Amino acid sequence: MTVTMLLAGLAAAPFVLSDAAGEKWALSDALGRERLLIVSQPSAAYLAEVRRQNVELQVRDLRVVALLPPGDARLNGSQTLTLTLLADPGGKVAAQYGPAALIGKDTGIKARYNAPPALNTVLGTVDSMPMRQQERRSRGR
């Protein structure tokens, strides 16, 4: 898998989408508070792995935002504190972010992936970020 690391100065493009229940979710509400992994059409197995890694994602303030076609059965799957399932009509948001993109707390796009990345790869990238290293020192984990 090829990973493209980008300069932190590139900001995430804002969007508002809905979940299966019609509840709106805005990227702007999460920017600056959480790290975000935006993933386009992840498999059911990938979503299951995200659910299994919920605690590891929480420790790193990392939310996975899965972009799915409206009406997709995966939209009805269980969400966790770190997994948000959103309908992306026409794939417009997915087209902006590609198959997957990691957004830092500074709102910059830190990495783009050509496929949904292995979570251990993303966790390693997050752990190497200066802000995360500072958090580990202050939080003790």
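S.K.: I'm lost on unusual backbone geometry in this one. Help?
M.R.: Of all residues except glycine, most have a negative phi; of all peptide bonds, most are trans. Even without a glycine there, the phi angle at D61 is positive, about 55°. We classify D61 as buried; its relative accessible area is 19%. Unlike most non-glycine residues, T107 shows phi in positive territory, near 75°.

S.K.: Where do I start with the pattern of salt bridges in this structure?
M.R.: Applying the stated rule across the entire model yields 7 salt bridges. As a salt-bridge pair, K105 and D61 come within 2.6 Å of each other at their nearest N and O atoms. Taken together, the residues K105 in the loop between β7 (100-103) and β8 (109-113) and D61 in the loop between α3 (54-59) and β5 (62-68) connect sequence positions 44 residues apart. Taking the relative accessible area as the measure of exposure, K105 reaches 14% and is therefore buried. A salt bridge links K110 to D106; the nearest nitrogen and oxygen atoms lie 2.7 Å apart. K110 gets classed as buried once you look at its relative accessible area, which sits at 14%. Salt bridges sharing common partners tie together E56, R60 and D127.

Quick notes on the rules
Residues numbered from 1 in each chain as written. Predicted model: local features only at pLDDT ≥ 70, side-chain atom pairs only at ≥ 80, totals over all residues. Heavy atoms only, no water. Buried < 20%, exposed > 50% of the residue type's maximum accessible area, 1.4 Å probe, protein only. Salt bridge = Lys/Arg side-chain N within 4 Å of Asp/Glu carboxyl O. Helix = DSSP H or I, 4+ residues; strand = E, 2+ residues; numbered from the N terminus.

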